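Survey of secondary and tertiary structure
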Amino acid sequence: MGFDAVFKTNGGSGCSNDTVGVVNNFGGLDFMSFPDGDQGYAFFDIDGASMDVTFDQVDLSSFTSITVTVDLFITSATYESSSPDFIDIYVIGDGGSRLDVFKTSDIDDIDDLVINGSSPEGRWITVSLDISGNASATLVVASNTNRDDEGFYIDNVKFSGF
């Protein structure tokens, strides 16, 4: 599956000496591994530039029950609510509708996020959404972070159905 990455400056320097893109390591997190294979996509310290990664459109017209899943690793960091730091993963469905898979842009602070009773930081989680009824879908990962330790990885992106 192909993708296109776009940076939108909002006053910062934007990805100067930062880890962004397809990687095969976790930098200083040597104890970690990717859930599916030995590569993932890193979004780290984007320095005041928001970043959108848009994956190629997927034809779902031959399926009736469809789910999109993404494995997500959010580093343990001190995310600021004033930046604003955010991670949004969504699908653009038929007619341009936005279907949120994972969204932090509407909360004050990523550090306040709780999933299944605990913080998602520092571990892999799987986020998913039923997108049945769409004949096609485009996955988008949008983010903004501004410190060296703020970032996340995605891996194992899947559209599945029957």
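Source: prediction; values computed, not measured.

Details of the overall build of the protein
Within the protein one finds 0 helices and 11 strands. In the protein, the succession of helices and strands from N to C terminus is β-β-β-β-β-β-β-β-β-β-β. Considering only residue pairs separated by 6 or more positions, the protein has 80% of its internal contacts joining residues 24 or more positions apart.

A word on the side chain of Asp71
Relative to the helices and strands, Asp71 is located in strand E6 (residues 66–74). With no salt bridge to any partner, buried Asp71 finds its closest opposite charge in Lys158, at an N-O distance of 6.9 Å. A distance of 3.1 Å separates the side chain of Asp71 from the side chain of Asn156, its partner in a polar contact. Setting aside anything within four residues of it in sequence, one finds Asp71 in contact with Pro35, Trp124, Ile125, Thr126, Tyr153, Ile154, Asp155 and Asn156.

A few points about the confidence of the model for the protein
Summarising the model, the protein shows a mean pLDDT of 81, and 75% of its residues fall at 70 or more. When mean pLDDT is compared element by element in the protein, strand E5 (residues 58–59) scores highest at 96, while strand E2 (residues 20–23) scores lowest at 76.

Considerations on the pairing of strand E7 (residues 86–92)
When you tally the buried positions in E7, you get 6 out of 7 residues, the bulk of the element. Alignment of E7 against strand E10 (residues 136–144), held across 7 bridges, turns out to be antiparallel. Pairing of Val91 across the sheet is with Leu139, part of E10. Strand direction decides the pairing type here: E7 and strand E8 (residues 98–103), joined by 5 bridges, are antiparallel. Considered in E8, the bridge of Val91 is made with Leu99. Counting the residues between successive antiparallel strands, the hairpin from E7 to E8 contains 5 residues, one of them, Gly95, with a positive phi of roughly 75 degrees.

Some words on the pattern of salt bridges
Should the charged atoms of two oppositely charged side chains come close, the side chains can pair. Counting across every chain of the model gives 3 salt bridges. With a shortest N-O distance of 2.7 Å, Arg98 and Asp100 are connected by a salt bridge. The closest approach of N and O atoms between Asp100 and Lys103, which form a salt bridge, is 3.9 Å. By sharing partners, the salt bridges in this structure join Asp88, Arg98, Asp100 and Lys103 into a single network.

Some points on the nonpolar core
Ranked by internal contacts, the top residues of the largest apolar core, which has 27 residues, are Ile89, Phe102 and Ile154. Listed by contribution, the elements that provide at least two residues to this core are strand E3 (40–44), strand E4 (49–55), E6, E7, E8, strand E9 (124–130), E10 and strand E11 (151–161). Looking at which element gives the most residues to this core, the answer is E6, with 5 residues. With residues near it in sequence (within four places) discarded, Phe102 still touches Leu72, Ile74, Ile87, Asp88, Ile89, Leu113, Ile115, Ile125 and Val127. Judged by nonpolar contacts, the second largest core, of 6 residues, contains Phe34, Ala42, Phe73 and Tyr153.

Thresholds applied
- Residues numbered from 1 in each chain as written.
- Predicted model: local features only at pLDDT ≥ 70, side-chain atom pairs only at ≥ 80, totals over all residues.
- Heavy atoms only, no water.
- Helix = DSSP H or I, 4+ residues; strand = E, 2+ residues; numbered from the N terminus.
- Contact = heavy atoms within 4.5 Å.
- Buried < 20%, exposed > 50% of the residue type's maximum accessible area, 1.4 Å probe, protein only.
- Lys, Arg positive; Asp, Glu negative; His and termini not counted.
- Salt bridge = Lys/Arg side-chain N within 4 Å of Asp/Glu carboxyl O.
- Polar contact = N/O pair within 3.5 Å; in protein donor to acceptor, adjacent residues only side chain to side chain.
- pLDDT = per-residue confidence, 0-100.
- Pairing = 2+ DSSP bridges.
- Core = buried A, V, L, I, M, F, W, Y, C linked by side-chain atoms within 4.5 Å.

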